[in-house]
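Structural overview for review
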Amino acid sequence: MNSAMNRQARIFVAGHRGMVGSALVRRLAAEGYPNVVTRTHAELDLTDQAAVNRFFESERIDVVLLAAARVGGIFANASRPAEFIYENLAIETNVIHAAYRAKVERLVFFGSSCIYPKQCPQPIREEYLLTSELEPTNDAYAIAKIAGLKLCEAYNREYGTQYVSLMPTNLYGPNDNYDLNSSHVLPALLRKAHEARRDGAATLTVWGSGTPRREFLHVDDLAAATLFVLEHGVTEGLFNVGVGEDLSIRELAECICKVAGFEGELVFDASKPDGTPRKLLDVSRLAQMGWRATIGLEEGIAATYQDFVASHSGSAAPALHA
Ligand code: GFB
């Protein structure tokens, strides 16, 4: 088992412009890793197998952080399942296989808590994987993410690689997607609350019943957990990453309205799906090793709101992150 990371390691952050990848790049810079390698989508299309092979053959990468993915909220997942399963499978198989061929010893694969069954005992332990049916609104994405973690397990078993899988709960933070058709609930409600207050609206529409429960992790905590795993010699396995607490969507909406200063009424749109009733992660596996999240939800939402206002406000139709 390798222990500490070599500070001079060449670390490829795949997906560095996304919310997770950009948090990883910030954290690596703060921790003093000078050799971080990135490629924009235009420079390297990770769904192009030949291009990915050429990249790994020429770049001498030591560590891969595989944060590139097609991601989205409940509506995007439910309406574009082919894109979610195809693009994620292509990225995972191309990057993991090319990394193995180029003798990359260490890789961290990022999945999602939606890999677990829809009706799971709570809090969800890593062992509950594949014990019953998935949530239908995101089963295509979940299958792709399960395939990714199984790729890591299989390559470790057959080839002796050290590929680790992290399964974060619902994430939020800087560089999130604020497009209301494809975003997750937290950025969607932040934008809605901001615009409702700005426009003097009487109501704010929340999708579904408001009763599903979700757990939210600030992306900077996920980046911290990733560095923790790398620096503590973790060489295999599946690890949940979360805060260990959840709240209802109604409670989340109330918290966001408070942060954004919107005092109108919440209206629940029952024509929109609720999705999984609850997905609270059991985070004891990482906690036993000494890692815990540190950013509280209200504090994290307030910081994210400031970031949103700084980067989007002032125009009626904010420029949105892709
Ligand atoms: O975050 P979200 O889109 O995805 O929705 P999931 C969470 C809950 O918030 C659902 C409700 O019950 C939504 O109906 N919700 C309320 C809203 N208002 C809104 C809104 O304005 N926008 C959105 N988007 N939701 C995704 C999966 O599931 O979570 C992915 O589809 C992935 O596969 C990701 O795992 C983390 O938490 O339901």
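Structure: see above.
A quick note: this is a predicted structure, and the numbers were derived from the prediction, not measured. All residue numbers refer to position in the chain's written sequence, counted from 1. A pLDDT threshold of at least 70 governs which residues receive local features in this predicted model, and a stricter bar of 80 or more applies before side-chain atom pairs are shown or counted, although totals over entire chains, interfaces and linings include all residues. Remark: hydrogens and water are excluded; side-chain values derive from all non-hydrogen atoms of the structure.

1. Focus: the site of the ligand
Throughout this document, a residue counts as near a molecule or strand when at least one of its heavy atoms sits within 4 Å of that molecule or strand. Around the ligand lies a shell of 22 residues, among which Ser112, Lys192, Arg214, Pro273 and Asp274 are the nearest. Between an oxygen atom of the ligand and a side-chain N or O atom of Ser112, the distance comes to 2.7 Å. One of the side-chain N or O atoms of Asn170 is found 2.9 Å from an oxygen atom in the ligand. Computed on the free molecule, the ligand has an accessible area of 710 Å², of which 97% lies beneath the protein chains in the complex. Numbering of helices and strands runs from the N terminus, with a helix taken as a DSSP run of H or I at least four residues long and a strand as a DSSP run of E at least two residues long. At the level of elements, helix H3 (74-79), helix H6 (185-199) and strand S7 (203-207) are the ones that each hand at least two residues to the shell around the ligand. Examining the composition of the shell around the ligand, we find that three residues originate from one element, H6, more than from any other. In the shell around the ligand, the residues fall into ten nonpolar, eight polar and four charged. Polar contact is defined as a pair of N or O atoms within 3.5 Å, subject to the rule that within protein one atom must be able to donate a hydrogen and the other to accept it, and that residues adjacent in sequence are counted only when both atoms are side-chain atoms. In short, Shrake-Rupley with a 1.4 Å probe defines the accessible areas, and a residue's cover is counted only from the protein chains shown. All amino acids are sorted into three groups, where Ala, Val, Leu, Ile, Met, Phe, Trp, Tyr, Cys and Pro are nonpolar, Asp, Glu, Lys and Arg are charged, and the leftover types, Gly among them, are polar.

2. A closer look at helix H8 (residues 249-260)
The span one expects for a helix is its residue count, reduced by one, times 1.5 Å. With twelve residues, H8 extends 16 Å from end C-alpha to end C-alpha; this agrees with the ideal 16 Å at 1.5 Å per step. Residue burial is assigned from relative accessible area. The probe radius is 1.4 Å, only protein chains are included, and a residue is buried under 20% of its type maximum, exposed over 50%, and partly exposed in between. Of all the residues in H8, the buried ones are Ile249, Leu252, Ala253, Cys255, Ile256, Cys257 and Ala260. Of the residues flanking the end of H8, it is Gly261, one or two places downstream, whose phi is positive at about 75°.

3. Observations regarding empty space enclosed by the protein
The definitions used throughout rest on a 1 Å grid laid over the protein atoms alone, on which a cavity is an enclosed set of points accommodating a 1.4 Å probe that cannot get out and a pocket is an open set flanked by protein within 12 Å on both sides along at least five of seven lines; lining residues are those having an atom within 4 Å of a point. Grid points are joined across faces, edges and corners, and a volume is the space filled by probe spheres set on the points. On inspection of all chains with the given rule, the structure shows one cavity of 30 Å³ or more. In this structure, the largest cavity encloses a volume near 50 Å³. Along its surface, the largest cavity is lined by Ser113, Cys114, Tyr116, Pro117, Lys118, Ile124, Glu135, Thr276, Arg278 and Lys279. For the lining of the largest cavity, a count of residues per class yields four nonpolar, two polar and four charged.

4. So, the side chain of Asn88
When you line up the elements, Asn88 lands in helix H4 (residues 81-101). Residue contacts are counted whenever heavy atoms from the two residues lie within 4.5 Å of one another. Once residues within four sequence positions are removed from consideration, Asn88 is found in contact with Ala69, Arg70, Glu83, Tyr141, Ala144 and Lys145.

5. Quick word on the packing of aromatic side chains
A pair of aromatic rings is counted whenever rings of Phe, Tyr or Trp (Trp by its six-membered ring) have centres within 6.5 Å, and the orientation is called stacked for planes under 30 degrees apart, edge-to-face for over 60 and tilted otherwise. Enumeration according to the criterion identifies nine aromatic pairs in this entry. Considering the side-chain rings of Phe55 and Phe56, the 5.2 Å spacing of their centres and the 85° angle between planes classify their relative orientation as edge-to-face. Across the pair, exposure class does not vary: Phe55 and Phe56 are buried alike. Here the aromatic rings of Tyr155 and Tyr159 are separated by 5.2 Å at their centres, their planes lie at 70°, and the arrangement is edge-to-face. One end of the pair is Tyr155 and the other is Tyr159, both in helix H5 (residues 139-159) and four residues apart, which spans about a single turn. Among the aromatic side chains, those forming a connected cluster through ring pairs are Phe12, Phe55 and Phe56. Any Lys NZ or Arg CZ that is within 6 Å of a ring centre and within 35 degrees of that ring's normal is treated as a charge sitting over the ring. Here the basic side chain of Arg7 rests over the ring of Tyr33, its NZ or CZ set 4.5 Å away from the ring centre.

6. Regarding the pattern of salt bridges
By definition, a salt bridge exists where a carboxyl oxygen of Asp or Glu is found within 4 Å of a side-chain nitrogen of Lys or Arg. On inspection of all chains with the given rule, the structure shows 20 salt bridges. One salt bridge in this structure joins Arg26 and Asp220, with 2.7 Å as the shortest N-O distance. A residue pair is termed long-range when its members are at least 10 positions apart, and Arg26 in helix H1 (residues 19-30) and Asp220 in helix H7 (residues 219-231) qualify at 194 residues. The class of Arg26 is partly exposed, set by a relative accessible area of 34%. With a closest N to O distance of 3.2 Å, Arg125 and Glu127 form a salt bridge.

Keep in mind that these numbers describe shape and distance, not what the molecule does.
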